[in-house]
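Observations on the model geometry
The chain contents come next:
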Amino acid sequence: MKSGIETTMVAERYARMSNEELIGQVTLNAAGMTPEAIEIARKEIVARGLNPRLAEAVAVQNREWTEDDIAAYCDLISKQSCPHCGKNDSRLNGTESAETMSFLLFTSFKRKLVVGCKSCLNKAVFGALGKSFVLGWWGIPWGLLRTPQSIFINLNNLRFHSSKTHNECLQRFVTAHRGELAAIDEDAFDWDVLDLS
Ligand SMILES: [Zn+2]
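Residues numbered from 1 in each chain as written. Predicted model: local features only at pLDDT ≥ 70, side-chain atom pairs only at ≥ 80, totals over all residues.

**Notes on the overall build of the protein chain**
Defined as follows: The helix count covers DSSP runs of H or I at least four residues long, the strand count covers runs of E at least two residues long, and both are numbered beginning at the N terminus. Counting other C-beta atoms within 10 Å of a residue's C-beta gives its exposure: the residue is buried at 20 or more, exposed at 12 or fewer, and partly exposed in between, where C-beta atoms are placed from the backbone. By definition, residues are in contact whenever their C-beta atoms, placed on the basis of the backbone, come within 7 Å of each other.
Helix and strand counts for the protein chain stand at nine helices and two strands. Tracing the protein chain from N to C terminus, the helices and strands come up as α-α-α-α-α-β-β-α-α-α-α. Counting only C-alpha atoms, the protein chain reaches 60 × 45 × 25 Å along its principal axes. Within the protein chain, buried positions represent 35% of all 197 residues. Long-range pairs, those at least 24 residues apart, make up 71% of the contacts in the protein chain with a sequence separation of at least 6.

In structure tokens, the structure reads:
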């Protein structure tokens, strides 16, 4: 972004965004923004009186995260109450569920990172396993190919639900949500700021 005209256009684009759109831009889509665009977004955040940590979220997505950064956020997340059942009697960890469902004309294959207590992780994986087992096979050829793949992913991840340390899925979850996490106030953690869908 070299010219003043482009800078003005970016500033106008951000100014037209609703608060929600601006927050989405800086927490989810900031990777690859130029330093000038980051500065414009930062000013817009300050001008609107939004959470100043959002400006940090922009910066975070534009630098490499170290293993220590990821470990620190894994630690923060693992100490929260489970986002699914609300219990806080155990450390949280992650999993990935894989679900294959075949319909008349197509086969859907969905993989999803899930964070929660052990029993909710089991529930997510067994739910995906059951659906795939019953509904996956009928599609040719994708149902036949994706169903065993889904079964393998679910069974494989099941082994890490009791992991004493942060498992790989939790680390991938943190990396995927790093923009949103950087905007979180660590002393007032709220699952609502993360898109868990
Ligand atoms: Zn739970």
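Still to come is the rest of the account.
**Side note on the domain arrangement of the protein chain**
The line we're drawing: Domain extents, as shown, originate in an automatic or database domain assignment.
Entries for the protein chain in the domain assignment read domain 1 (4-61) and domain 2 (70-177). Here domain 1 and domain 2 have C-alpha centroids that lie 33 Å from each other.

**With respect to the nonpolar core**
Stated precisely, the cut-off is as follows: Among buried residues, those of type Ala, Val, Leu, Ile, Met, Phe, Trp, Tyr and Cys that are joined through C-beta atoms within 7 Å form a set called a nonpolar core.
Of all hydrophobic cores here, the largest spans 38 residues; its most connected members are Val26 and Ala57. Every residue in contact with Ala57, bar those within four places of it in the chain, is listed here: Val26, Thr27, Ala30, Gly179, Ala182 and Ala183.

**Some details on helix H6 (residues 118-135)**
Threshold: Helices are assigned an expected span. That span is 1.5 Å times one less than the residue count.
Between its first and last C-alpha, H6 extends 25 Å over 18 residues, near the 26 Å set by a 1.5 Å rise per residue. Buried positions along H6 lie against strand S1 (93-102), strand S2 (107-116) and helix H7 (142-158).

**Notes on the packing of helix H3 (residues 35-47) against helix H4 (residues 53-61)**
For clarity, the cut-off: Note on geometry: axes are lines fitted to C-alpha atoms, helical ones only across the stretch in contact, with angles between N-to-C directions running from 0 to 180 degrees. Here is the rule for angles: anything less than 35 degrees is roughly parallel, anything more than 145 is roughly antiparallel, 65 through 115 is roughly perpendicular, and the remaining ranges are oblique. Note: crossing handedness is left-handed where the near helix turns anticlockwise from the far helix by less than a right angle, and right-handed where it turns clockwise. As a working rule, the residues Ala, Val, Leu, Ile, Met, Phe, Trp, Tyr, Cys and Pro are called nonpolar, Asp, Glu, Lys and Arg charged, and the rest polar, with Gly in that last group.
One way to put it is that H3 packs onto H4 with a least axis distance of 9 Å and a crossing angle of 165°. Between H3 and H4, the crossing angle belongs to the class labelled roughly antiparallel. Classified by chirality, the crossing of H4 by H3 is right-handed. The residues of H4 that touch H3, namely those facing Ile38, Ala41, Arg42 and Ile45, are Leu54, Ala55, Val58 and Ala59. When the residues that make up the contact of H3 with H4 are grouped by side-chain class, the tally is seven nonpolar, no polar and one charged.

**Observations concerning helix H5 (residues 67-78)**
An ideal rise of 1.5 Å per residue puts 16 Å on 12 residues; H5 measures up with 16 Å between its terminal C-alpha atoms. Those residues of H5 that are buried are in contact with S2, helix H8 (168-176) and helix H9 (178-182).

**Concerning the environment of Ala30**
Relative to the elements of secondary structure, Ala30 occurs in the loop between helix H2 (19-28) and H3. The exposure class assigned to Ala30 is buried, which follows from the 21 C-beta atoms found within 10 Å. Between the alpha carbons of Ala30 and Asn93 there is a distance of 27 Å; along the sequence they are 63 residues apart. Those residues in contact with Ala30 that lie beyond four places of it in its chain are Gln25, Ala57, Val58, Gln61, Asn62 and Gly179.

**Points about the pairing of S1**
Cut-off, in case you're wondering: A pair of strands is considered paired only if DSSP assigns at least 2 bridges between the two.
With 10 of 10 residues buried, S1 lies mostly within the body of the structure. A two-sided burial pattern is seen for S1, the buried positions comprising Asn93, Thr95, Ser97, Glu99 and Met101 on one face and Gly94, Glu96, Ala98, Thr100 and Ser102 on the other. Two strands pair when backbone bridges link them, and S1 and S2 are joined in this way by 10 bridges, in the antiparallel orientation. Bridge assignment links Ser102 to a residue of S2, and that residue is Thr107. In sequence, S1 turns back onto S2 through a hairpin of four residues.

**Considerations on the environment of Thr107**
With respect to the helices, strands and loops of the structure, Thr107 is situated in strand S2. A residue is classified by how many C-beta atoms lie within 10 Å of it, and Thr107, with 21 of them, is buried. Linking Thr107 and Val134, residues 27 residues apart in sequence, is a C-alpha distance of 13 Å. Beyond its immediate stretch of four places on either side in the chain, Thr107 contacts Thr100, Ser102, Gly139, Trp142, Gly143 and Arg146.

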